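Descriptive analysis of the structure
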Amino acid sequence: MGMATEAQFHVLAVDDSLIDRKLIERLLKTSSYHVTAVDSGSKALEFLGLNGSHEDGQRNPSPASVSLDEDQHQQDVEVNLIITDYCMPGMTGYDLLRRIKGSSSFKDIPVVIMSSENIPSRINRCLEDGAEEFFLKPVQLSDVNKLRPHLMKGRSKEMQQNISKRKGMEEILTPDRTRTRYNELEVV
Amino acid sequence: MEVGQMQRRLVDYTKSLFMEGFLDGQFLQLQQLQDESNPDFVVEVVSLFFDDSEKLLNDLTMALDQPNVDFKKVDAHVHQLKGSSSSIGAQRVKNACIAFRNFCEEQNIEACLRCLQQVKQEYYLVKNKLETLFRLEQQIVAAGGSIPLMEMGL
């Protein structure tokens, strides 16, 4: 592939159990992901910059973390995937999923739910409402390996958006040579 | 005792813990996550489990000692203990918790008290076994040997 060196993927892990947080952190780091682990849904939202019932971010994000379709505010930090426990006091993992998917800035971040309980209706509801995967605890390395396609898809989507942005610009500047230039830019 | 003998003793001891159901495959997963950059990972996680469990067992004892038992609270504690024991591979503790939760649902105080005794017993047993295991590992390392990794096929 003709891509430049990628930054590490950043995963936000949410679990109220200290033991499970330590475990998921180790599993993710073993897979070379950068990890931030928090103990509640509200802390996760705080970390993303989503506070209270309305969306508001801080005023000085780094250029790399500005989301492309943004009009209201930007992500404080770049998070490529959120993995959350289902059963947590206060905000459940499902509540967190709904908040993320209901946010214009964060809805495209893949969300994965973990649970110690195998309840089909619970699993289906999470998947239907936008979760990419549902892992039964204890989470294994083989489960964490399933995250990579979701992360890669997010990154290639970002790149596609970059490419079409560039293409759009070139159509304005050099209408005759658009096709040739696009082919040169094509990433295999 | 020379290192080879110590290593064999450790392997045999670990195998027995699996055969007797004290530990399950999840414990092997923990061991596989340990490496040179995280040499104490298993001990760290298991120590967290010990601290967490002792607190939970105290909370459970108190909760079941109340005149009006709050079964939801009891269930929440057992759920947490079931989760953490499952996460480290303490199979018999986990199974005792599963039985315990069923009786919480039934709001059967006598059965819950019996379950609590059972869980405590299983916990102290596995604690003892794991502490022995860690001691055997330390002896090998102190003698300059390396810890043999268990195969999944046992």
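Residues numbered from 1 in each chain as written. Chains lettered and ligands numbered in written order. Predicted model: local features only at pLDDT ≥ 70, side-chain atom pairs only at ≥ 80, totals over all residues. Heavy atoms only, no water.

The name given to chain B in an unreviewed UniProt entry is Histidine-containing phosphotransfer protein, and the organism recorded there is Theobroma cacao. Listed under Function (unreviewed entry) in UniProt, the entry text for chain B is "Functions as a two-component phosphorelay mediators between cytokinin sensor histidine kinases and response regulators (B-type ARRs). Plays an important role in propagating cytokinin signal transduction." (UniProt positions renumbered as here; feature names shortened; annotations may be inferred.)

Going by what an unreviewed UniProt entry lists, chain A is known as Two-component response regulator ARR8 and is assigned to Theobroma cacao.

It is worth spelling out the overall build of chain A at this point. Helix and strand content of chain A: seven helices and five strands. Walking chain A from its N terminus toward its C terminus, one meets helices and strands in the order β-α-β-α-β-α-β-α-β-α-α-α. In chain A, once contacts between residues fewer than 6 apart in sequence are set aside, the share between residues at least 24 apart is 63%. Surface accessibility of chain A: about 10,200 Å² in total, with carbon and sulfur atoms responsible for 50%. (Helix = DSSP H or I, 4+ residues; strand = E, 2+ residues; numbered from the N terminus. Contact = heavy atoms within 4.5 Å. Areas by Shrake-Rupley, 256 points an atom, 1.4 Å probe, with all protein chains shown as cover.)

This part covers the environment of Val11(B). All names here are of chain B. Structurally, Val11 is set in helix α1 (residues 3–19). Accessibility expressed as a relative area gives 22% for Val11, which makes it partly exposed. Sequence separation between Val11 and Leu149 is 138 residues; the distance between their C-alpha atoms is 8.4 Å. In this structure Val11 touches Pro148 and Met150, once residues within four positions along its chain are discounted. (Buried < 20%, exposed > 50% of the residue type's maximum accessible area, 1.4 Å probe, protein only.)

Cis geometry marks the peptide bond from Lys137(A) to Pro138(A), where omega comes out at 0 degrees. Mapping Pro138(A) onto the fold places it in the loop between β5 (133–136) and α5 (141–144). The backbone phi angle of Ser32(A) is positive, close to 65 degrees, even though this residue is not glycine. Here Ser32(A) shows up in the loop between α1 (18–30) and β2 (34–38). Of note, Gln107(B) is a non-glycine position whose phi angle comes to about 60 degrees, a positive value. The residue Gln107(B) is located in the loop between α5 (91–106) and α6 (109–142) in this model. By relative accessible area, which is 52% here, Gln107(B) ends up exposed.

With that out of the way, let us pick up the pattern of salt bridges. Charged atoms that come close allow side chains of opposite charge to pair. Residue and element names in this part refer to chain A. Taken as a whole and judged by the stated rule, the model has 18 salt bridges over all chains. Taking the shortest distance from any N to any O, the salt bridge between Asp85 and Lys137 comes out at 3.3 Å. Placement of the pair is Asp85 in strand β3 (residues 81–85) and Lys137 in the loop between β5 and α5, with a sequence separation of 52 residues. Measuring nitrogen to oxygen at the nearest pair gives 3.9 Å for the salt bridge that ties Lys107 to Asp108. Classification of Lys107 by relative accessible area gives partly exposed; the value is 35%. One salt-bridge network, in which partners are shared between bridges, spans Asp15, Asp20, Asp85 and Lys137. (Salt bridge = Lys/Arg side-chain N within 4 Å of Asp/Glu carboxyl O.)

Once that is clear, we can look at the interface of chain A and chain B. Contacts between the two partners involve 14 residues from chain A and, on the opposite side, 20 residues from chain B. Carbon and sulfur atoms supply 62% of the area that chain A and chain B bury against each other, a total of about 1,500 Å² over both sides. On the chain A side of the contact with chain B, Ile19(A), Lys22(A) and Arg26(A) bury the most area, a combined 45% of that side's loss. Linking chain A with chain B are three salt bridges, by the criterion used here. The residue Asp35(B) makes a salt bridge to Arg26(A) at a minimum N-O spacing of 3.2 Å. Counting across the chain A and chain B interface gives six residue pairs in polar contact (both at pLDDT 80 or more). If you tally residues by element for the side of chain A that touches chain B, the top one is α1(A), at eight residues. In terms of residue class, the side of chain A that touches chain B is made up of seven nonpolar, three polar and four charged. (Buried area = accessible area lost by both parts, 1.4 Å probe. Polar contact = N/O pair within 3.5 Å; in protein donor to acceptor, adjacent residues only side chain to side chain. Nonpolar A, V, L, I, M, F, W, Y, C, P; charged D, E, K, R; others polar.)

What follows concerns the sheet that holds strand β1 (residues 10–14) of chain A. Residues and elements named next belong to chain A. The five strands are arranged β2-β1-β3-β4-β5 in an open sheet whose pairing can be described as parallel. The sheet is open, and its two edges are formed by β2 and β5, each paired on a single side. Between one strand axis and the next, the sheet turns by 20 degrees as a mean value, whatever way the strands run. Direction of pairing for β1 relative to β3: parallel, over a ladder of four bridges. In the strand pairing of β3, Val11 is matched with Leu81. Along the sheet, α1 contacts β1, β2, β3 and β4 (111–115); its crossing angle with β2, the most-contacted strand, is approximately 170 degrees. (Pairing = 2+ DSSP bridges. Axes fitted to C-alpha atoms, helices over the stretch in contact; angles between N-to-C directions.)

So, about the UniProt feature "domain: HPt" (unreviewed entry) in chain B. Under the UniProt annotation, the feature "domain: HPt" (unreviewed entry) is placed at residues 38–143 of chain B. Counted over residues 38–143 of chain B, helix gives 87% and strand 0%. Its end C-alpha atoms are 20 Å apart.

Turning our attention to the UniProt feature "modified residue: Phosphohistidine" (unreviewed entry) in chain B. Within the UniProt annotation, "modified residue: Phosphohistidine" (unreviewed entry) is assigned to His79(B). Considering the arrangement of structural elements, one finds His79(B) in helix α4 (residues 71–88). Residue His79(B) is classed as buried on the basis of its relative accessible area of 18%. Other than its neighbours up to four places away in sequence, His79(B) contacts Cys87(A), Ser116(A), Glu117(A) and Arg101(B).

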